[in-house]
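So the chains spell out like this:
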Amino acid sequence: MQRVFTLTYHLHGTLAADATIRWIAPFDCTLIHVAAVASNDSDATLKVGSSVDDDGYLTAAVIGDSGTPVEKGRSDFIGALCSESGQYPHIADGTIVLLTLDHDGAGGTAAQNVSIQLTFTEG
């Protein structure tokens, strides 16, 4: 049986700057799902990659608004670090996974109370 685990991050309040989150993979894993949302109608975007390529798994995409998350899955993983575009990215043990949240997109409305969830399988 393949084990599934999630990582969840929450950034409180109205964001005044971009945010980066780093996580080190403790073993080989596969990214199968990303969800992100703000509590307001924002212009924020999220990209997911590694310390080598900050959008290597998921290129910048808008996050959900007003409490309705945007979900990204298999066909959305088109970054340069994906072994095959549109496939779940394999992440090797020790890789630094990097989440980059642009709090207001291209100078639009800043996000408030952002939640981000990543779902992985082990191996």
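A short tour of the structure in this document, coming up.

Rules used in this analysis
Here, residues in each chain are numbered from 1, in the same order as that chain's written sequence. Side-chain atom pairs in this predicted model are given and counted only at pLDDT of 80 or more, local residue features only at pLDDT of at least 70, and totals for whole chains, interfaces and linings cover all residues. The basis for the side-chain values is all heavy atoms of the structure; hydrogens and waters are excluded. Think of it this way: DSSP has to see at least two bridges between two strands before they count as a pair. In DSSP terms, a helix is any run of H or I states spanning at least four residues, a strand is any run of E spanning at least two, and both are numbered starting from the N terminus. Here, axes are lines fitted to C-alpha atoms. For helices the fit covers the stretch in contact, and angles between N-to-C directions go from 0 to 180 degrees. Polar contact is the term for a pair of N or O atoms within 3.5 Å; when the atoms are in protein, one must be able to donate a hydrogen and the other to accept it, and sequence-neighboring residues count only if both atoms are side-chain atoms. For this analysis, residues touch if any pair of their heavy atoms sits within 4.5 Å. One side-chain nitrogen of Lys or Arg within 4 Å of one carboxyl oxygen of Asp or Glu is enough to make a salt bridge. Each residue's exposure class comes from its accessible area (1.4 Å probe, protein chains only) as a fraction of the maximum for that residue type: buried when under 20%, exposed when over 50%, partly exposed otherwise.

### Notes on the sheet that holds strand S8 (residues 96-102)
Right, on to step 1. On the basis of which strands lie adjacent, the open sheet formed by four strands has the order S2-S8-S4-S5 and antiparallel pairing. Of all strands in the sheet, those with a lone pairing partner are strand S2 (19-24) and strand S5 (58-62), marking the two edges. Taken over all neighbouring pairs, the strand axes of this sheet differ in orientation by 15 degrees on average, direction set aside.
Right, on to step 2. In this structure, strand S4 (residues 45-50) lies alongside S8, joined through six bridges in antiparallel fashion. The partner of Val 48 across the bridge, within S8, is Leu 99.

### Section: the side chain of Asn 40
Right, on to step 1. Within the secondary structure, Asn 40 sits in the loop between strand S3 (29-37) and S4.
Right, on to step 2. A polar atom in the side chain of Asn 40 sits 2.9 Å from the backbone oxygen of Ala 110.
Right, on to step 3. If near-sequence neighbours (up to four positions away) are discounted, Asn 40 is found in contact with Asp 65, Ser 66, Thr 109, Ala 110, Ala 111 and Gln 112.

### Observations concerning the pattern of salt bridges
Any two side chains of opposite charge can pair, so long as their charged atoms come close to each other.
Right, on to step 1. Taken as a whole, this structure holds two salt bridges when the rule is applied.
Right, on to step 2. Notably, a salt bridge pairs Arg 3 with Glu 122, separated by 2.6 Å at the nearest N-O pair. Here Glu 122 lies in strand S9 (residues 112-122) and Arg 3 lies in the segment before strand S1 (4-14), a separation of 119 residues in the sequence.
Right, on to step 3. With a relative accessible area of 55%, Arg 3 lands in the exposed category.
Right, on to step 4. In this structure Glu 122 comes out as partly exposed when scored by relative accessible area, which is 28%.
Right, on to step 5. Taking the shortest distance from any N to any O, the salt bridge between Lys 47 and Asp 54 comes out at 3.0 Å.
Right, on to step 6. The class for Lys 47 is partly exposed, based on a relative accessible area of 21%.

These results come straight from atomic positions and should not be treated as a statement about function.
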